[in-house]
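The chain contents come next:
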Amino acid sequence: MLKRVHASDTAPGFEAPSLPHGGRLVDRRLELDEAMDIAGAAPSIGLSGAEAADLRALATGAYSPLTGFMGSAEHEACVDTMRLPDGHLWPIPVCLGVPEGTRFRGDHVALRDAKGRLLGVMELHEVFRRDRTHEAERVFGTSDPAHPGVARVLDAPAMAVAGPVRAVVAPLDGLAGRYALTPAETRAEFAARGWRRIVGFQTRNPVHRAHEYLQRVALEICDGLLLHPLVGPTKEGDVPVEVRMRAYQAAIRHFPTDRVLLAALVAPMRYAGPREALLHALVRKNHGCTHFIVGRDQAGVGSYYGPFDAQRLIASLPPDELGITPLMFDKVFHCAACGGMASVKTCPHPERERVTLSGTKVRALLRSGELVPPELVRPEVADVLRGAYQRRNGDGPVVRAPARAPAPPAGTGHPGFVVWFTGLSGAGKSTVARALAARLVERGHPVELLDGDEVRTNLSRGLGFSREDRDANIARIGYVAGKLASHGVSVLVAAISPYRAARDQVRAMVDRFVEVHVATSLATCADRDVKGLYAKALAGQIPRFTGVSDPYEPPLAPELVLHTDGEPVSSSVEQVLRCLERLGLSAAVRPEPARRATASAGPGPADRRRSAT
Ligand SMILES: [Zn+2]
């Protein structure tokens, strides 16, 4: 038998299983009840979104060999030498700031999010002051507060608290949450697929054809591609994460499914250019990658860094200390004379033949509602982006609704949209929709609620429960909802809508369609059985009952999944509101409360109950 020889059999560089940075994958996870026991009456620190993302990266080993927030010795070594005190490369400080005057007692602190939910615990080893201006100049190469990463450092408190952490790594909401794999999980997946050379691709933008070209070229000498978007807090104006994830889903359909793994990296973006490109390489090494793509102006922002600064820094490091093979690329463009993608290394033609694929240019086209040339962006990806680009104030790239959508009616200030709640009977769709309606009215939205049961007695009288009749029912609801939304109404639909194809047809008709899967388990729905229907269905008295004797097809990529089992309605409503805010469809009336809770006597009983849900 002939053994096929792959390019990767002879390709240079590291091979799986690649050693994590520092030699061992750090695992600092713990269960919530254990965290609550340790947190006990310990003082609490409120974490910003970026700090919470860092905590998760520490606990899952993405930041191996770090085991906690940095103390003064680690901070100083990292800032001045780009290394940890033990000599390992580490380019960017990971610190936890606390407000001036915070007093601590005991040997632990409880780490909480802005809502007071317990995220983890930290052993209290040290409280120290960091010189933030010096840190910015060394790490970012500038202390200009207009640099978004520098601004975050300068805005952080000077006082920092340090020590080893342990954190509850709970599932995250939304599409990105479903793709958030730990380093142990990506490593297991690579092993299961038999990949020996794995190239990691960092991104915080939608994937355009230039990125795809780099991925293809790298994949020619590797076995697998980890498409690894960063989904932690990014700067104002970056494309919202749910939109990006849908665009990535569309983009990877152009690769063989067994050659690409899409996963989300929960970590904050710092825009530190060269130093951050190095951090990104080390984090991918921890996830099991053997190769890493370093493009032009990797991890940069504005014009703070030269196009090859990141590549130069990484190339200057000893390969065995780096532990991952960098693949460096120059500018990529579409060349009409070459008839495809090319770079200055492969194309001999003059500038006039070339179309450069800058993200800014693509955003401008999408914003103006013009067609994006398929040489720049795959049409499927452009569709996702265009469908999600919404009217938004300011100069951010996410601005305008698609050309065919009319502007919101004067006076309302809101574009219309459809939130489509799908799920089993008794899942809580109508309950959440009614509560959401009240909140949206408070925010000034004109709201219309279309409840499946009511619609059936009016709009769809006479329709039964065959697949054809169910599809007709959904198509009618979708038609009405789309009409209302086009006139600026926020339409909430609560309908079982068991068939995926019918829902997707509505999605295709409606410009701003937000699918919310109310994923309450069949057991819980049957338990609730508010109308006594499950008892009858299980007794065989109701034919074609969804979930019992008729199928339910859950959405593959809904904008939001709600797990209402044991969750208060208010929590479900908050999740939908956050989702609408992320998509730019609704804005909170009042600003969020201040992010930092000062150290206090620890959580009261009410806080502890909330943490447990
Ligand atoms: Zn050319």
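Peer 1: What is the right way to read the pairing of strand β17 (residues 490–494) from this model?
Peer 2: Two faces, one strand: in a regular strand the side chains alternate between the faces of the sheet. Buried residues dominate β17, accounting for five of its five residues. The alternating pattern of β17 places Ser490, Leu492 and Ala494 on one face and Val491 and Val493 on the opposite face, and all of these are buried. Where strand β15 (residues 417–422) and β17 come together, five bridges link them in parallel fashion. For Phe417, the partnering residue across the bridge sits in β17 and is Ser490. Across five bridges, strand β16 (residues 447–451) lies against β17 in parallel orientation. The residue bridging Leu450 from the neighbouring strand is Val493, located in β17.

Peer 1: Which parts of the structure should I look at to understand the sheet that holds strand β14 (residues 354–356)?
Peer 2: The pairing of strands in a sheet comes from backbone hydrogen bonds and takes either a parallel or an antiparallel form. Here we have three strands laid out as an open sheet, ordered β13-β12-β14, and antiparallel in their pairing. A strand with exactly one partner marks an edge of an open sheet, and here the two such strands are β13 (340–343) and β14. Looking at each pair of strands side by side, their axes are set apart by 40° on average, direction ignored. Strand direction decides the pairing type here: strand β12 (residues 332–335) and β13, joined by four bridges, are antiparallel. The residue of β13 that forms the bridge with Val332 is Ser343. Taken strand by strand, helix α9 (residues 209–220) contacts β12 and β13, and its axis lies near 75° from that of β13.

Peer 1: Sorry if this is basic, but what is going on with the nonpolar core here?
Peer 2: Generally speaking, a soluble globular protein has its nonpolar side chains buried in company with each other. Counting residues in hydrophobic clusters, the biggest one holds 73 residues, and the most contacted among them are Met245, Val419 and Phe421. Sorting elements by how many residues they give to this core places helix α10 (residues 241–252) first, with seven residues. If we skip the residues at most four places from it in the chain, Met245 touches Leu175, Ala176, Tyr179, Pro229, Val231 and Leu262. Listed in part, the 66 residues of the second largest apolar core include Leu47, Met70, Met82 and Leu226.

Peer 1: Whenever I open this one, the sheet that holds strand β10 (residues 291–294) confuses me. Can you help?
Peer 2: Spatially, the five strands line up as an open sheet ordered β9-β8-β7-β10-β11, and their pairing is parallel. Strand pairing shows two members of the sheet lacking a second neighbour, β9 (260–262) and β11 (325–328), which therefore form its edges. Pairwise comparison of adjacent strand axes, ignoring direction, gives a mean angle of 25° for this sheet. Pairing analysis gives four bridges linking β10 to β11, with the strands arranged parallel. Within the sheet, the bridge partner assigned to Phe292 lies in β11 and is Pro326. Along the sheet, helix α8 (residues 183–193) makes contact with β7 (198–203), β8 (224–229) and β9, crossing β9 at roughly 160°. Packed onto the sheet, helix α11 (residues 274–286) meets β7, β8 and β10 and runs at close to 155° relative to β10.

Peer 1: Looking at this model, I keep getting lost on unusual backbone geometry. Mind explaining?
Peer 2: Excluding glycine, residues mostly carry a negative phi; peptide bonds, for their part, are mostly trans. In this structure, Pro17 follows Ala16 across a cis peptide bond, with omega equal to -5°. Looking at where Pro17 falls in the secondary structure, it is placed in the loop between α1 (7–10) and α2 (32–39). Cis geometry marks the peptide bond from Ser64 to Pro65; its omega dihedral reads 5°. Here Asp297, not a glycine, exhibits a phi torsion of approximately 45°, which is positive. Unusually for a residue other than glycine, Ser497 sits at a positive phi of about 35°. Residue placement: Ser497 occurs in the loop between β17 and α19 (500–509).

Peer 1: What should I look at first to understand the pattern of salt bridges in this one?
Peer 2: Close approach of charged atoms allows side chains with opposite charge to pair. Taken as a whole and judged by the stated rule, the model has 29 salt bridges. Put simply, Arg196 and Glu15 hold a salt bridge, and the shortest N to O gap is 3.1 Å. Placement of the pair is Arg196 in the loop between α8 and β7 and Glu15 in the loop between α1 and α2, with a sequence separation of 181 residues. Taking the shortest distance from any N to any O, the salt bridge between Asp27 and Arg29 comes out at 2.9 Å. We classify Arg29 as partly exposed; its relative accessible area is 40%.

Peer 1: What am I meant to see in the packing of helix α18 (residues 467–486) against α19 here?
Peer 2: Each pair of packed helices gets described by two things: the angle between the helix axes and the distance between those axes. It is the contact of α18 with α19, at a shortest axis distance of 9 Å, that shows an interaxial angle of 20°. The orientation of α18 relative to α19 falls into the category roughly parallel. The element α18 and its partner α19 pack so that their crossing is right-handed. In contact with Arg467, Asp471, Ile474, Ala475, Gly478 and Tyr479 of α18, α19 contributes Ala501, Ala502, Val506 and Met509.

Peer 1: What's the story with the coordination of the zinc ion in this structure? I'm lost.
Peer 2: Metal coordination angles have textbook ideals: 109.5 degrees for a tetrahedral set of four donors and 90 or 180 degrees for an octahedral set of six. Taken together, Cys335 (SG), Cys338 (SG), Cys347 (SG) and His349 (ND1) make up the protein donors of the zinc ion, found 2.1 to 2.3 Å from the metal. Here the zinc ion binds four donor atoms, and the angle range of 104 to 113° at the metal identifies the geometry as tetrahedral. Written as a sequence motif, the donor arrangement for the zinc ion is C-x2-C-x8-C-x1-H. A residue pair is termed long-range when its members are at least 10 positions apart, and Cys338 in the loop between β12 and β13 and His349 in the loop between β13 and β14 qualify at 11 residues. A relative accessible area of 26% means that His349 is categorised as partly exposed.

Peer 1: Help me understand the side chain of His147, please; the structure alone is not making it clear to me.
Peer 2: Considering the arrangement of structural elements, one finds His147 in the loop between α5 (132–140) and α6 (148–155). The residues contacting His147, other than those within four sequence positions of it, are Phe140, Thr142, Arg270, Tyr271, Val301, Tyr304 and Tyr305.

Peer 1: What exactly am I supposed to notice about the confidence of the model for the protein here?
Peer 2: Interpretation of the predicted coordinates at a detailed level should be avoided for regions scoring low in pLDDT. For the protein, per-residue confidence averages 86 on the pLDDT scale, and 89% of positions sit at 70 or higher. Low pLDDT, under 50, characterises residues 390–411; the stretch is placed with 51 contacts to residues that sit more than four places away or in other chains. A low-confidence stretch, residues 591–613 (pLDDT under 50), is modelled with 43 contacts involving residues beyond four sequence positions or located in other chains.

Peer 1: What exactly am I supposed to notice about the packing of aromatic side chains here?
Peer 2: We describe a pair of aromatic rings using the distance from one ring centre to the other and the angle between the two ring planes. All told, the structure shown has five aromatic pairs when counted by the stated rule. Both rings, one in Tyr63 and one in Trp90, keep their centres 5.9 Å apart while their planes meet at 75°; by these two values the pair is edge-to-face. Here Tyr63, found in the loop between α3 (49–60) and β2 (68–69), pairs with Trp90, found in the loop between α4 (72–81) and β3 (108–112); they are 27 residues apart in sequence, far enough to count as distant. Each member of the pair, Tyr63 as well as Trp90, carries the same accessibility label: buried. Plain terms: the ring middles of Tyr534 and Phe545 are 5.0 Å apart, the flat faces sit at 80° to each other, and that makes the pair edge-to-face. Of this pair, Tyr534 sits in helix α21 (residues 533–538) while Phe545 sits in the loop between α21 and β19 (560–562), and the two are 11 residues apart along the sequence. Its guanidinium or amino end placed over the ring of Phe255, Arg216 lies 4.5 Å from that ring's centre, counting from NZ or CZ. Over the face of the ring belonging to Tyr499 we find Arg467, whose NZ or CZ atom lies 3.8 Å from the ring centre.

Peer 1: What should I look at first to understand α11 in this one?
Peer 2: Helical geometry note: an α-helix holds 3.6 residues per turn, so side chains three or four residues apart project in the same direction. Counted at 1.5 Å a residue, the expected span for α11 with its 13 residues is 18 Å, and the 19 Å between its end C-alpha atoms agrees. Of all the 13 residues making up α11, 13 are buried; the element is thus mostly covered by neighbouring parts of the structure. Two residues or fewer after α11 comes Gly288, characterised by a positive phi angle close to 100°.

Calculation notes
- Residues numbered from 1 in each chain as written.
- Predicted model: local features only at pLDDT ≥ 70, side-chain atom pairs only at ≥ 80, totals over all residues.
- Heavy atoms only, no water.
- Buried < 20%, exposed > 50% of the residue type's maximum accessible area, 1.4 Å probe, protein only.
- Helix = DSSP H or I, 4+ residues; strand = E, 2+ residues; numbered from the N terminus.
- Pairing = 2+ DSSP bridges.
- Axes fitted to C-alpha atoms, helices over the stretch in contact; angles between N-to-C directions.
- Contact = heavy atoms within 4.5 Å.
- Core = buried A, V, L, I, M, F, W, Y, C linked by side-chain atoms within 4.5 Å.
- Salt bridge = Lys/Arg side-chain N within 4 Å of Asp/Glu carboxyl O.
- Parallel < 35°, antiparallel > 145°, perpendicular 65-115°, else oblique.
- Left-handed = near helix turned anticlockwise from the far one by under 90°.
- Donors = N, O, S within 2.8 Å, 3.2 Å for Na, K, Ca; no water.
- Tetrahedral: all angles 85-135°; square planar, octahedral: opposite > 155°, others 65-115°.
- pLDDT = per-residue confidence, 0-100.
- Phe/Tyr/Trp six-rings, centres within 6.5 Å; stacked < 30°, edge-to-face > 60°.
- Lys NZ or Arg CZ within 6 Å of the ring centre and 35° of its normal.
- Expected span 1.5 Å × (residues − 1).

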